[in-house]
Amino acid sequence: AGIHRAFLRMHPNTASNLKLTEGDRVTVESERGKVENVRLELTEDIDPRVVWSSDGWWQEDGNINLLTDDKHTAFGSTPGFNSVLVRVCKE
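Now for a look at the structure at hand. Values in this document were obtained by computation on a predicted structure and should not be read as measured data.

Parameters and conventions
- Residues numbered from 1 in each chain as written.
- Predicted model: local features only at pLDDT ≥ 70, side-chain atom pairs only at ≥ 80, totals over all residues.
- Heavy atoms only, no water.
- Phe/Tyr/Trp six-rings, centres within 6.5 Å; stacked < 30°, edge-to-face > 60°.
- Helix = DSSP H or I, 4+ residues; strand = E, 2+ residues; numbered from the N terminus.
- Buried < 20%, exposed > 50% of the residue type's maximum accessible area, 1.4 Å probe, protein only.
- Salt bridge = Lys/Arg side-chain N within 4 Å of Asp/Glu carboxyl O.

Considering the packing of aromatic side chains
Then, number 1: Per the stated rule, a full pass over the model turns up one aromatic pair.
Then, number 2: Taking the centre distance of 5.8 Å and the plane angle of 50° together, the rings of Phe 7 and Trp 52 count as tilted. Residue Phe 7 is found in strand E1 (residues 7-10), and its partner Trp 52 is found in strand E4 (residues 51-53); the two are separated by 45 residues along the sequence.
Then, number 3: Residue class for Phe 7 comes out buried when judged on its relative accessible area of 16%.

See below:
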């Protein structure tokens, strides 16, 4: 299990503020759920206010869909899969 493990990208300044470093394993939580054991990747190619996750595959690989809601968004007739408020903390 875990060959397609989800990962999370974050700006280095944001990581530093959270006392996180490249390669840390983190938990990502939203109001709906949480995903544990996500590998952190740092990149300056992302806004410091945003984190980005790979899709993840199935439960054992970190299913990022556990963080999203199926309700339609205010900006269109689609579920809000692309933007979710999350908390990131070290495992």
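The rest of the description comes next.
Notes on the pattern of salt bridges
Then, number 1: This structure, assessed with the given rule, holds five salt bridges.
Then, number 2: Close ionic contact of Asp 24 with Lys 90 constitutes a salt bridge, the shortest N to O distance being 3.7 Å. A residue pair is termed long-range when its members are at least 10 positions apart, and Asp 24 in the loop between helix H1 (12-17) and strand E2 (25-29) and Lys 90 in strand E5 (residues 87-90) qualify at 66 residues.
Then, number 3: Taking the relative accessible area as the measure of exposure, Lys 90 reaches 49% and is therefore partly exposed.
Then, number 4: Asp 47 serves as the salt-bridge partner of Arg 49, at 2.7 Å between the closest nitrogen and oxygen.
Then, number 5: Judged by its relative accessible area of 75%, Arg 49 is exposed.
Then, number 6: On the basis of relative accessible area, Asp 47 is assigned to the partly exposed category, the value being 30%.
Then, number 7: Put simply, Arg 9, Arg 39 and Glu 41 are held in one network by salt bridges that share partners.

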